[in-house]
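# Summary of structural features
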Amino acid sequence: MPSRRMPSVSVMGKKLRLVGSGEIRIMLGGVSRQRVYQITNRRDFPEPVATLQMGNVWLAEDVEAWIATRRGDLD
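Residues numbered from 1 in each chain as written. Predicted model: local features only at pLDDT ≥ 70, side-chain atom pairs only at ≥ 80, totals over all residues. Heavy atoms only, no water.

Under an unreviewed UniProt entry, the name given to the protein is Transcriptional regulator, AlpA family, and the source organism is Micromonospora coxensis.

### With respect to helix H3 (residues 60-70)
Spelled out, the test is: In this scheme, a residue with accessible area under 20% of its type's maximum is buried, one over 50% is exposed, and one in between is partly exposed, where area comes from a 1.4 Å probe on protein chains only. The numbering of helices and of strands both runs from the N terminus, where a helix is a DSSP run of H or I of at least 4 residues and a strand a run of E of at least 2. For this quantity, the arc is that covered by the directions from the helix axis to the C-beta atoms. Residue contacts are defined here by distance: any two heavy atoms, one from each residue, within 4.5 Å place the two residues in contact.
Of all the residues in H3, the buried ones are Ala60, Val63, Trp66 and Ile67. Projected onto a plane normal to the axis of H3, the buried residues spread over an arc of 130° and lie on a single side. Set apart from the buried face of H3 by more than 90 degrees, the exposed residues are Ala68 and Thr69. Each element contacted by the buried residues of H3 is listed here: strand E2 (14-19), helix H1 (21-27), helix H2 (33-40) and strand E4 (55-59).

### Considerations on the pattern of salt bridges
Inclusion rule: Basic side-chain nitrogens of Lys or Arg form a salt bridge, by our definition, when they fall within 4 Å of a carboxyl oxygen of Asp or Glu.
For the structure shown, the criterion picks out 3 salt bridges. The closest approach of N and O atoms between arginine 17 and glutamate 64, which form a salt bridge, is 2.8 Å. A residue pair is termed long-range when its members are at least 10 positions apart, and arginine 17 in strand E2 and glutamate 64 in helix H3 qualify at 47 residues. We note a salt bridge from arginine 42 to aspartate 44, for which the minimum N-O separation is 3.0 Å. The class for arginine 42 is partly exposed, based on a relative accessible area of 28%. Where salt bridges share partners, they join Arg42, Asp44 and Arg70 into one cluster.

### Brief notes about the packing of aromatic side chains
Quick note on the threshold: Paired rings are identified among Phe, Tyr and Trp, the last through its six-membered ring, by centres lying within 6.5 Å, and are further divided according to the angle between planes into stacked (under 30 degrees), edge-to-face (over 60) and tilted (the rest).
One pass over the full model with this rule turns up 2 aromatic pairs. With centroids separated by 5.7 Å and ring planes inclined at 85°, the aromatic side chains of phenylalanine 45 and tryptophan 58 adopt a geometry described as edge-to-face. A residue pair is termed long-range when its members are at least 10 positions apart, and phenylalanine 45 in the loop between H2 and strand E3 (50-52) and tryptophan 58 in strand E4 qualify at 13 residues. Per residue, the accessibility class of phenylalanine 45 equals that of tryptophan 58, and both read buried. Ring geometry for phenylalanine 45 and tryptophan 66: centres 4.8 Å apart, planes at 65°, overall edge-to-face.

Here it is, written out as structure tokens:
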């Protein structure tokens, strides 16, 4: 899958990279939308920082850290 640039937002002078379920699909190697839904609803998955009309958004660094420590559990 092609990589997409993650959007960033500045809050109090700090840039925050945000990801939605589409970006998480790519980060996980192109898993299905259903699988992303299952993963993002796990108790140990980071909490979204906001819920928008298009869905939840997470801090990219939280998702990256979660994937780094649990990727073996997802197979």
